[in-house]
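# A closer look at the structure
Spelled out, the chains give:
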Amino acid sequence: MKKIPYVTLEQAAEIKKTYPTPFHLYDEKGIRANARAVKEAFAWNKGFREYFAVKATPNPYIMDIFRDYDFGFDCSSKTELLLADAVGASGEHIMFSSNETPAEEYALAAKLGAIINLDDFTHIEFLENILGEFPETMCCRFNPGGFFTLSNGIMDNPGDSKYGMTKEQLAEAYRILRDKGVKHFGMHAFLASNTVTNEYYPRLAGQLFTLAADIKKELGIHFSFINLSGGVGIPYTPDAEPNDIYAIGRGVKEEFDRILVPAGMGDVAIYTEMGRFMLAPYGALITTAIHEKHIYKEYIGVDACAANLMRPAMYGAYHHITVLGKENEECDHRYDIVGSLCENNDKFAINRMLPRIDKGDILFIHDTGAHGFSMGYNYNGRLRSAELLLQEDGSVKLIRRAETERDYFATFDCTPYYDRIRFDG
Ligand SMILES: *Cc1c(COP(=O)(O)O)cnc(C)c1O
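Rules and cut-offs
Residues numbered from 1 in each chain as written. Predicted model: local features only at pLDDT ≥ 70, side-chain atom pairs only at ≥ 80, totals over all residues. Heavy atoms only, no water. Core = buried A, V, L, I, M, F, W, Y, C linked by side-chain atoms within 4.5 Å. Buried < 20%, exposed > 50% of the residue type's maximum accessible area, 1.4 Å probe, protein only. Helix = DSSP H or I, 4+ residues; strand = E, 2+ residues; numbered from the N terminus. Domains from an automatic or database assignment. Contact = heavy atoms within 4.5 Å. Pairing = 2+ DSSP bridges. Axes fitted to C-alpha atoms, helices over the stretch in contact; angles between N-to-C directions. Buried area = accessible area lost by both parts, 1.4 Å probe.

## Describing the nonpolar core
- The biggest cluster of nonpolar side chains holds 90 residues, and the ones touching the most others in it are Phe66, Phe73, Tyr174, Met187 and Phe223.
- A per-element tally of this core places helix 8 (residues 200-219) first, with eleven residues.
- Looking at this core, you find at least three residues from each of domain 1 (28-280) and domain 2 (281-401).
- Leaving out residues up to four positions away in the same chain, Phe223 has contacts with Tyr174, Phe185, Gly186, Met187, Ala212, Ile215, Lys216, Met265, Asp267 and Val268.
- Counting 16 residues, the second largest nonpolar core, distinct from the first, contains Ile300, Ala304, Ile357 and Leu363.

## Some words on the sheet that holds strand 2 (residues 49-53)
- Read around the closed barrel, eight strands run 2-3-4-5-6-9-10-11, paired in parallel fashion. The mean angle between the axes of side-by-side strands here comes to 25 degrees, regardless of whether they run parallel or antiparallel.
- Here strand 2 pairs with strand 3 (residues 72-75) via three bridges, running parallel. When the bridges of strand 3 are listed, Ala53 appears paired with Asp74.
- Against the sheet, helix 6 (residues 123-131) engages strand 5 (115-118) and strand 6 (137-141), with an angle of about 145 degrees to strand 5.

## Some points on the domain arrangement of the protein
- Looking at the protein, the domain boundaries give domain 1 (28-280) and domain 2 (281-401).
- With centres defined by C-alpha atoms, the gap from domain 1 to domain 2 works out at 32 Å.
- Each partner contributes to the interface: domain 1 provides 25 residues, whereas domain 2 provides 22 residues.
- In total, domain 1 and domain 2 occlude about 2000 Å² of area from one another, counting both sides; carbon and sulfur atoms represent 58% of this.
- When the area that domain 1 buries against domain 2 is broken down by residue, the three leading residues are Glu28, Tyr236 and Ala280, summing to 29%.

Structural data, given as structure tokens:
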């Protein structure tokens, strides 16, 4: 599918006058339309709830948009819990799916009334020592081991991932929790990432539903929800077919009707914890070409770097790039689009065919709305960019200012150096 930016060159140039590049720009209209679609696709399930994976884009203004759809938040650290709390979420609107969890974070999750998802069998005792007694509802994370394959060749390797419990541990965990007075249970699994197919959730649901029905039969416990977690992908490349969330919802319903309803479990709520699918396409990194370099290859140097978007450097991930104002020009130049880090993997694109790029051109790097800004870091003393929200009425709201050098210096005591730091250049 052709990738079309949600701002024109004129708009971007106007925004740039107030907020210098680079910045991440989110599209509120797209976010809302997609959130509505997700809700509709699962409307057949009475208790359905999406718990937005906060780590994907931890910004309270974005999270607030999701509150309008009664979404909850999937948190895995203290800071993420604080964010969920800050936007007014509490109780069953927070899912705490963490691993290698510090004791104080479990304590905070319990204080907020969050649903706690245990990543490991040993955490039963760990949590009991912290809380004294268990909340009424508890969730356990399952890892089936082995490989998880889908018909289009997507494969992931749960057997090599650090998350969740084995099947035997899982059943034993539910038994122990039942005997310790827990009343309601959830099951959670995350088996494959960025699945660009409508098959993933239904397949995962089928596995979890069958297992839950077996465990219910064996232990007589009540499952109040099954959490399909994240992993629903988006087409980063223009040739990939986007997922159809309605088809995904129907696929999960078929498994629900086939497995859970006959098992007397028709009251089970379906939960999801999507991050990427909720936001990736509705965010972009806007950056300006500031240098061109001709050596053994052609390089375009931009004012953003991997500190603003790590996925290409970290995973070799593809992010589509549109040169604003040149949407209809021929892609007859081969470029590496690079940032300034002193690391040779700081490349947003390698051997990419694009229109001729001139210094000053504004580049729209697509699909950075999830796992984009949030993976930012300060290598080379580079600073995190601003986050802007393109609101439905076309106006732009600053939802996080850019870091400044003062922020960078703020975590050590600069008193001995204060007179000498030239913050203002
Ligand atoms: C990362 C994560 C998610 C979100 O994953 P996406 O691929 O962004 O949908 C959901 N749940 C848990 C526990 C995660 O770690």
